[in-house]
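# An overview of the molecular structure
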Amino acid sequence: MSSTLPYDIQSIRSEFPILERKVKGKTLVYFDNAATSQKPKQVIDAIAHYYSYYNANIHRGLHTLADEATADFEASRAVVQSFIQAKHHEEIIFTKGTTESINLVANSWGNAFLNEGDEIIISSLEHHANIVPWQMIAEKKGASIKVIPIDGNGKLDMNAFEKMLSKKTKFVSIVHASNALGVINPVEEIIALAHQQGALVMVDGAQSSVHLDIDVQKMDCDFFAFSGHKIYGPTGIGILYGKKHLLESMPPYQGGGEMIKEVTFEKTTYNELPFKFEAGTPNIADAIVLKSAIEFINRVGKSNIRKHEDLLLEHATSKLKDIPGLHIIGDIQPKVSVISFTIDGVHPQDLAILLDNQGIAVRTGHHCAQPLMQCLGIVGTTRASFAAYNTIEEVDIFIEALNKAIKMLK
Ligand code: C6P
């Protein structure tokens, strides 16, 4: 099987020091990549290098360290720009992560442009980060939220979506790939339909950005959000992409240093993009290091990683289907390398503990998508999610451990 893999998997694995770790006496099998991916050595080294050699505040100082840090911070912005094919570098805003990016848009755009009676559309597949900020702003502005239904496998009901759209629809915020099930939504179609009604569209790319080629211009989304820590980068850094004319029309999200042009006690004028949305000292180190994470992905090749992950997904799916009483939720195409399942008579939490005892990390529960679990009529699932460094052998270890755990629990 491994001869069909698109790259030398052992060489990739050797770049991730954590994969050497033992957990409960067993070599770690890390299948919780949808929660956060592990970091290659070039990312870990880049953090140490920044703090060891040129730690300084940016855009402010007139000294060598500040110049170097500023240059690398802006170089990282340019790398992110090409990672998602944005037209202008000032369309890339550094945030803490997907959650903050969505909150920024809901607050800034929502406060300025939402009115009473307006409608915001989300889907049943959303992570809480793409539900709660919209509920908060809708409540404040007297707008309402409509939810696109799904079938039992997580497929969006596009007919229902089309019927939901009207002149009242002002905003659609939709997940690209579901974190809980892995299913990929037809975002291009959703965006085109929403635009016909004059509504704007935000895409939550927290799970898609690491697996799929992202071209925000081709997709024609108005906003796109993702997190550094899910693309082999550090925690605490994320991206908001927004079309330039929209970001220009929006008021600042937070006030403070960096986002101003001039301040008097009477009045403040705001800085230009992207700085208008980057108040205060940003997360300089992690923004700089995000460049190294993207360079890792580009070096291995996103399409190679996708091919590799598809092999793992296919292998795991067919093995899991052999287990009596196991139900894969979201067994449809297209999907990213996430498998979510339930097992008759087995509580996901008990399963997670037994798997951890065998060195295997998976996520169980509602995956921060409680409304989705309610739609599916389940309390939660067990989720295995794969990354560039996982192997077919690890899938086999997982299946063996799973069978052992099921025997103990039934
Ligand atoms: N999902 C998971 O285990 P932050 O926490 O801001 O980096 O990302 C939030 C978020 C938003 N949307 C989607 C689709 C996501 O998957 C996540 C994070 C993790 O599934 C942690 S809950």
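The shown structure was predicted, so the numbers you read here are calculated from the model rather than taken from an experiment.

Cut-offs and rules
The residue numbering used here restarts from 1 in each chain and proceeds along that chain's sequence as written. Residues qualify for local features only when their pLDDT is at least 70, as the model is predicted, and side-chain atom pairs are given and counted only at 80 or more; totals for whole chains, interfaces and linings, by contrast, use all residues. Calculated side-chain values reflect all of the structure's heavy atoms, with hydrogen atoms and water omitted. Note that the domain bounds were set by an automatic or database domain assignment. In what follows, residue pairs with any heavy atoms lying within 4.5 Å of each other are defined as contacts. When two components associate, each loses some accessible surface as probed by a 1.4 Å sphere; the sum of these losses over both components is called the buried area. A pairing counts as a salt bridge when a side-chain nitrogen of Lys or Arg comes within 4 Å of a carboxyl oxygen of Asp or Glu. Pairs of N or O atoms within 3.5 Å make up the polar contacts considered here, provided that, within protein, one atom can donate a hydrogen while the other can accept it, and that residues adjacent in sequence are counted only when both atoms are side-chain atoms. Segments assigned H or I by DSSP are reported as helices when at least four residues long, segments assigned E as strands when at least two residues long, and all are numbered from the N terminus. By the convention adopted, Pro, Cys, Tyr, Trp, Phe, Met, Ile, Leu, Val and Ala count as nonpolar, Lys, Arg, Asp and Glu as charged, and the other residues, Gly among them, as polar. Here, any two strands with at least 2 DSSP bridges between them count as paired. Between the N-to-C directions of two axes lies an angle of 0 to 180 degrees, each axis being a line fitted to C-alpha atoms and, for a helix, fitted only over the stretch in contact. For this analysis, a ring pair means two rings from Phe, Tyr or Trp (six-membered ring only for Trp) whose centres lie within 6.5 Å, classed as stacked if their planes differ by under 30 degrees, edge-to-face if by over 60, and tilted for the remaining angles. Nonpolar core, defined: a set of buried Ala, Val, Leu, Ile, Met, Phe, Trp, Tyr and Cys residues in which side-chain atoms within 4.5 Å join the residues together. Residue burial is assigned from relative accessible area. The probe radius is 1.4 Å, only protein chains are included, and a residue is buried under 20% of its type maximum, exposed over 50%, and partly exposed in between. If a single non-hydrogen atom of a residue is within 4 Å of a molecule or strand, that residue counts as near it.

## Brief notes about the domain arrangement of the chain
- Assigned domains within the chain: domain 1 (2-36 + 301-409) and domain 2 (45-298).
- Its C-alpha centre places domain 1 at a distance of 28 Å from the equivalent point of domain 2.
- Taken together, the contact pairs 37 residues of domain 1 with 34 residues of domain 2.
- Interface area for domain 1 against domain 2, summed over the two sides, is near 2800 Å², with a carbon-plus-sulfur share of 60%.
- Taken as a group, Lys-302, Val-336 and Leu-372 account for 25% of the area that domain 1 buries against domain 2, more than any other trio of residues on that side.
- Linking domain 1 with domain 2 are zero salt bridges, by the criterion used here.
- At the junction of domain 1 with domain 2, the criterion picks out 21 residue pairs in polar contact (both at pLDDT 80 or more).
- The leading source of residues in the side of domain 1 that touches domain 2 is helix α13 (residues 370-376), at six residues.
- Residues belonging to the side of domain 1 that touches domain 2 are distributed by class as follows: 22 nonpolar, eight polar and seven charged.

## Some remarks on the side chain of Asn-390
- The residue Asn-390 is located in the loop between β17 (381-385) and α14 (392-409) in this model.
- Polar contacts involving the side chain of Asn-390 include one to the main-chain carbonyl oxygen of Tyr-30, which spans 3.1 Å.
- In this structure the side chain of Asn-390 is engaged in a polar contact, spanning 3.0 Å, whose partner is the side chain of Asn-33.
- Among all residues touching Asn-390, those that are not within four sequence positions of it are Ile-9, Arg-13, Tyr-30, Phe-31, Asn-33, His-308, Leu-312 and Ser-385.

## Focus on the sheet that holds strand β16 (residues 363-365)
- Judged by pairing direction, the sheet is antiparallel, and its four strands sit side by side in the order β13-β14-β17-β16 without closing on themselves. Looking at the sheet topology across the chains shown, the edges are occupied by β13 (326-329) and β16. Going from strand to strand, the sheet's axes swing by 30° on average, the running direction of each strand aside.
- Here β13 runs beside strand β14 (residues 338-343); their pairing, made up of four bridges, is antiparallel. Within β14, the residue paired with Leu-326 across the bridge is Ile-343.
- Contacting β13 and β14, helix α11 (residues 302-321) crosses the sheet at an angle of about 10° to β14.

## Details of the packing of aromatic side chains
- Overall, the coordinates contain 17 aromatic pairs when judged by the stated rule.
- Feature note: the residues Trp-109, Phe-113, Trp-134, Phe-171 and Phe-223 constitute an aromatic cluster, connected by ring pairs.

## Considerations on the nonpolar core
- Counting residues in hydrophobic clusters, the biggest one holds 83 residues, and the most contacted among them are Ile-84, Phe-161, Val-203, Phe-224, Tyr-232 and Leu-372.
- Per-element accounting of this core gives the leading share, nine residues, to helix α10 (residues 284-300).
- Counting the residues that make up this core, at least three belong to each of domain 1 (2-36 + 301-409) and domain 2 (45-298).
- For Ile-84, the residues in contact, after removing those within four places along its chain, are Ile-92, Ile-214, Asp-215, Val-216, Phe-226 and Tyr-241.
- In this structure, Phe-31, Phe-341, Phe-386 and Ile-392 belong to the second largest nonpolar core, which totals 28 residues.

## Focus on the site of the ligand
- Lining the immediate environment of the ligand, one finds 17 residues, of which Thr-99, Asp-204, Gln-207, Ser-227 and Arg-363 sit closest.
- At 2.8 Å, a side-chain N or O of Asn-179 approaches an oxygen atom of the ligand.
- Contacts to the ligand include His-229, whose side-chain N or O atom sits 2.7 Å from an oxygen atom.
- Of the residues in the shell around the ligand, the class split is six nonpolar, seven polar and four charged.
- Inspection of the shell around the ligand shows a minimum of three residues originating in each of domain 1 (2-36 + 301-409) and domain 2 (45-298).

## A look at the environment of Ala-66
- Within the secondary structure, Ala-66 sits in helix α3 (residues 64-83).
- Overall, Ala-66 belongs to the buried group, its relative accessible area being 1%.
- Distance in space between the C-alpha atoms of Ala-66 and Asn-55 is 7.7 Å, their sequence separation being eleven residues.
- For Ala-66, the contacting residues outside a window of four places in its chain are Ala-56, Asn-57 and Gly-61.

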